[in-house]
Amino acid sequence: MLGPFDVLHGDTFIEYYPHNRWFNIMEIHAPDGKLRGWYCNLTRPAVIQENTLIWTDLALDVIILPDKSFVLDDTDEYRALPLDPRERRNVVKELRALLSHLKDLTPCTMAVVY
């Protein structure tokens, strides 16, 4: 289960890992192609090292439904992380940027928005 929706066998994930943003995005579709929503992890920026994608999860997640409503998840875990003030400011800035673009969301365009 990912927040307000179940992940089912046969679901398709389209994943985005922007190298210059503090989040990644997983667009989730049901086996019939219907959009389930987006699961966004707040992270340190992704890097590729020796052909391996590396990203550090900072616990805070945003689950966005097709109607653009959203849920913040794992806020207690995020608060408990030993992050320095600069990292916390970056996470807040990126969360605000992500949420400010909700009205522009359409399937498979999240990477273009940013």
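Note that the structure is predicted; figures quoted are calculated from it, not measured.

Participant: Tell me about the sheet that holds strand β2 (residues 23-29), residues and numbers included.
Facilitator: Read across the open sheet, the five strands follow the order β1-β2-β3-β6-β7; overall the sheet is antiparallel. The open sheet has two edge strands with one neighbour each: β1 (12-16) and β7 (70-73). For this sheet, the mean inter-axis angle between neighbouring strands, taken without regard to orientation, is 20 degrees. Two strands pair when backbone bridges link them, and β1 and β2 are joined in this way by five bridges, in the antiparallel orientation. Residue pairing for β2: Tyr16 is matched across the bridge by Ile25. Sheet contacts for helix α2 (residues 85-100): β2, β3 (35-43), β6 (57-64) and β7; angle to β6, the most-contacted strand, approximately 15 degrees.

Participant: Quick rundown of the side chain of Glu27? Include the residues and the values.
Facilitator: Here Glu27 lies in strand β2. Nearest to the buried, unbridged Glu27 among oppositely charged side chains is Lys68, at 11 Å. A distance of 2.7 Å separates a polar atom in the side chain of Glu27 from a polar atom in the side chain of His29. Side-chain polar atoms of Glu27 contact the side chain of Trp38, separated by 3.0 Å.

Participant: How would you sum up the environment of Val91? Please name residues and give values.
Facilitator: Turning to its location among the elements, Val91 is positioned in helix α2. In this structure the C-alpha to C-alpha distance between Val91 and Glu50, which are 41 residues apart in sequence, comes to 27 Å. Setting aside its immediate chain neighbours within four residues, Val91 contacts Trp22, Leu42, Leu58, Leu60 and Tyr78.

Participant: Describe α2, naming the residues involved and giving the relevant values.
Facilitator: Along its 16 residues, α2 runs 22 Å from first to last C-alpha, staying within 8% of the 22 Å computed at 1.5 Å per residue. Within the span of α2, buried status applies to Glu87, Asn90, Val91, Glu94, Leu95, Ala97 and Leu98. Viewed along the axis of α2, the buried residues span an arc of 160 degrees, placing them on a single side of the element. With respect to the buried face of α2, the exposed residues turned more than 90 degrees away are Pro85, Arg89, Lys93 and Arg96.

Reading the values: rules and limits
- Residues numbered from 1 in each chain as written.
- Predicted model: local features only at pLDDT ≥ 70, side-chain atom pairs only at ≥ 80, totals over all residues.
- Heavy atoms only, no water.
- Pairing = 2+ DSSP bridges.
- Helix = DSSP H or I, 4+ residues; strand = E, 2+ residues; numbered from the N terminus.
- Axes fitted to C-alpha atoms, helices over the stretch in contact; angles between N-to-C directions.
- Contact = heavy atoms within 4.5 Å.
- Buried < 20%, exposed > 50% of the residue type's maximum accessible area, 1.4 Å probe, protein only.
- Lys, Arg positive; Asp, Glu negative; His and termini not counted.
- Salt bridge = Lys/Arg side-chain N within 4 Å of Asp/Glu carboxyl O.
- Polar contact = N/O pair within 3.5 Å; in protein donor to acceptor, adjacent residues only side chain to side chain.
- Expected span 1.5 Å × (residues − 1).
- Arc of directions from axis to C-beta.

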